[in-house]
Amino acid sequence: QLQASGGGLVQAGGSLRLSCAASARISAIRFMAWYRQAPGKQRELVAGVTGGGSTNYADSVKGRFTISRDNAKNTVTLQMNSLKPEDTAVYYCNIVASSIRRYEYWGQGTLVTVSS
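Residues numbered from 1 in each chain as written. Predicted model: local features only at pLDDT ≥ 70, side-chain atom pairs only at ≥ 80, totals over all residues. Heavy atoms only, no water.

## Considering the overall build of the chain
Inference 1: Of regular secondary structure, the chain possesses zero helices and eleven strands.
Inference 2: The linear arrangement of helices and strands in the chain, starting from the amino end, is β-β-β-β-β-β-β-β-β-β-β.
Inference 3: Radius of gyration (C-alpha) of the chain: 14 Å, near the 13 Å computed for a compact globule of 116 residues.
Inference 4: Overall, the C-alpha framework of the chain stretches about 45 × 25 × 25 Å when taken along its three principal axes.
Inference 5: Here the chain, with 116 residues, has 41% of them falling under the buried criterion.
Inference 6: Here the chain has roughly 6100 Å² of accessible surface; of this, 48% comes from carbon and sulfur atoms.
Inference 7: Positive and negative side-chain charges of the chain, numbering 13 and 6 respectively, have mean locations separated by a distance of 7 Å. (Helix = DSSP H or I, 4+ residues; strand = E, 2+ residues; numbered from the N terminus. Rg over C-alpha atoms; globule rule 2.2 N^0.38 Å. Buried < 20%, exposed > 50% of the residue type's maximum accessible area, 1.4 Å probe, protein only. Areas by Shrake-Rupley, 256 points an atom, 1.4 Å probe, with all protein chains shown as cover. Lys, Arg positive; Asp, Glu negative; His and termini not counted. Charge placed at Lys NZ, Arg CZ, Asp CG, Glu CD.)

## Considerations on the side chain of Arg64
Inference 1: Positionally, Arg64 belongs in the loop between β6 (55–57) and β7 (65–70).
Inference 2: At a separation of 2.8 Å, a polar atom in the side chain of Arg64 contacts the side chain of Asp87. (Polar contact = N/O pair within 3.5 Å; in protein donor to acceptor, adjacent residues only side chain to side chain.)

Now the structure itself:
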């Protein structure tokens, strides 16, 4: 139900913009985020934004990545600047919604490769 796009190959120091859109309207969104998983490593939270607009970032990306959301369009984007080879990973978007019960949605993943 989530479609991620924008990954690709970029040189160190370059930029990429990831986008994630829901194929259908999702109500009561509480949290939207980007995670990543590098080869041989666990999936980690890169950046998240709450329904109220509060953001949090992994220490490794602070000052370089910016997460934003469009509530009306149910989209979340991740602007990635000053990319480093260690940012290479598959990036997944995530949406958590809850009203009576909790729902969690994942995108299919988009590969980001940063060459040195």
